[in-house]
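Breakdown of the fold
Here is how the chains run, residue by residue.
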Amino acid sequence: MAENQCRSGTKDDSSFDVQEFIDSHGDRLLRSAYLLCGDETEAQDLVQETLIQAIKSWEKFRGESARYTWLHGILLNLCRRHQRKQKRLVYDEDVVEKAAFQADEIREMDRDICAAKITNAMQNLSQEHREVIVLRFYEGMKIDEIARQTGVSKGTVKSRLHYAVRSLEQLLPPEMNLFASDGTHSIGNP
Amino acid sequence: VNCETFNDVLPEYLDGTLLAAEQAAAREHVAKCGVCQLAVAKQEALARTLQHAFNREVERLSLSAKTREIVLDALKRQELEPTTRRERLLAYLTVPWWNPACAGFAFVCLLMFVFAGHFHVLPAGRSDLQPMARESGDSYVVDVPIESEMHFFRRRNGSVVDAVITEAGIISANFSRNTHPSSSLKQRVNYN
């Protein structure tokens, strides 16, 4: 265990167990990466790159935020870089995704498919909109935390959140009501 | 607080990050306003729906053993690398002398040092370009040789032929004694 400790020189402790961090937060980071990029293999690569970058720049961690938040910031930057490379591909898929929603099909949706539809629709949002949705509704961050994490003002975060939800609604079929008290028609608490 | 101002602070109200007085005023408004109650309910439902969908979609995912292995390998390599300035300096100083890059660089430096002077005096070394001094009183004139090259490019049979014409020229430098007592300069040089 001791061999997996990172020399850090951080403010809160002198060493950090990477193995323990991966065990406790690795999966969460991966899931967030998956929601941001929409592909499991890419998400694995992004998390791997995130952790390696974190190990290399461990001395830069100033202890002003939680380690997970710091790592998530690195992940966001890597996702943005990745998305810039993939932009063309994403726009091409846009057409396919919209065509995939057929009204008859919706009625047969079960919860898993509905969840998948929402996650797939997320991939058609812009990078900024996807980021705020994931940070807000998956990571459960508050507005000011999202503002810090993404480096924009609180007003911008609220505006992006508003338009992101609106875009998501437009990308989903009308039968799926994101604002229904029990979730969508197909998704909800049993 | 009216509906418009409440809408502006709705996310912060749900986060509970408003100032205590603002939070209380917003709560009081919601208690009385049906429209804002609906807005709050919609936002809470949206959060539930998306959270539920995301969790359902990603719960099957976990970090692969390969990814873990690669990260821990990177960590081990990082542990072996010097981190402090002193360690980096020591690592630099212990670079083996036969390291090809270092040895090559040192050899080139040595060559430059040895031959720099030779290259510098080469044009003047020609017998027909030796400087000539002509003394007259307190001053004397030195003819300084210079060489120049002219390249003529000519296209012949689809290929470019380069003809180099070397010319030797002479400039005169006039040296005279400095008669000004306060100056430390002993000689004044005039280039013609």
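Just so it is clear, the structure is predicted and the values come from calculations on it, not from any experiment.

**A word on the packing of helix α6 (residues 127-138) of chain A against helix α3 (residues 34-58) of chain B**
Look at α6(A) against α3(B): their axes get within 9 Å of each other, and the N-to-C directions meet at 95°. As summarised for this structure, α6(A) and α3(B) are arranged roughly perpendicular, according to the angle between their axes. Each of A:I133, A:F137 and A:Y138 in α6(A) lies in contact with α3(B), whose residues at this interface are B:L46, B:A47, B:L50, B:Q51, B:F54, B:N55 and B:V58. Considered class by class, the residues forming the contact of α6(A) with α3(B) number eight nonpolar, two polar and no charged.

**What about the confidence of the model for chain B?**
All names here are of chain B. Per-residue confidence for chain B gives a mean pLDDT of 74, with 59% of residues at or over 70. Considering each helix and strand of chain B separately, the mean pLDDT is smallest for strand β4 (residues 187-191), with a value of 46, and largest for helix α2 (residues 20-32), with 91. Segment residues 181-192 is flagged for pLDDT under 50; beyond a separation of four residues in sequence, or across chains, it makes 22 contacts in the model. Both scores are given for the predicted complex: the pTM is 0.61, the ipTM 0.75.

**Some details on the interface of chain A and chain B**
Accessible area lost during the coming together of the parts is what is often quoted as the interface size. On the side of chain B, 42 residues touch chain A, which itself brings 50 residues to the contact. Across the chain A/chain B interface, buried area totals approximately 4,300 Å², and carbon plus sulfur atoms make up 62% of it. Summed over the shared surface of chain A and chain B, the result is four salt bridges. A salt bridge links A:E40 to B:R60, with the shortest nitrogen-to-oxygen separation between them at 3.4 Å. On inspection of chain A and its partner chain B, the count reaches 15 residue pairs in polar contact (both at pLDDT 80 or more).

**A short note on the packing of helix α7 (residues 143-150) of chain A against helix α8 (residues 154-171) of chain A**
All names here are of chain A. One way to put it is that α7 packs onto α8 with a least axis distance of 8 Å and a crossing angle of 100°. With respect to α8, the element α7 is oriented roughly perpendicular. The residues of α8 that touch α7, namely those facing I143, D144, I146, A147 and T150, are K154, V157, K158 and L161. Classifying every residue of the contact of α7 with α8 gives five nonpolar, one polar and three charged.

Calculation rules
Residues numbered from 1 in each chain as written. Chains lettered and ligands numbered in written order. Predicted model: local features only at pLDDT ≥ 70, side-chain atom pairs only at ≥ 80, totals over all residues. Heavy atoms only, no water. Axes fitted to C-alpha atoms, helices over the stretch in contact; angles between N-to-C directions. Helix = DSSP H or I, 4+ residues; strand = E, 2+ residues; numbered from the N terminus. Parallel < 35°, antiparallel > 145°, perpendicular 65-115°, else oblique. Contact = heavy atoms within 4.5 Å. Nonpolar A, V, L, I, M, F, W, Y, C, P; charged D, E, K, R; others polar. pLDDT = per-residue confidence, 0-100. Buried area = accessible area lost by both parts, 1.4 Å probe. Salt bridge = Lys/Arg side-chain N within 4 Å of Asp/Glu carboxyl O. Polar contact = N/O pair within 3.5 Å; in protein donor to acceptor, adjacent residues only side chain to side chain.

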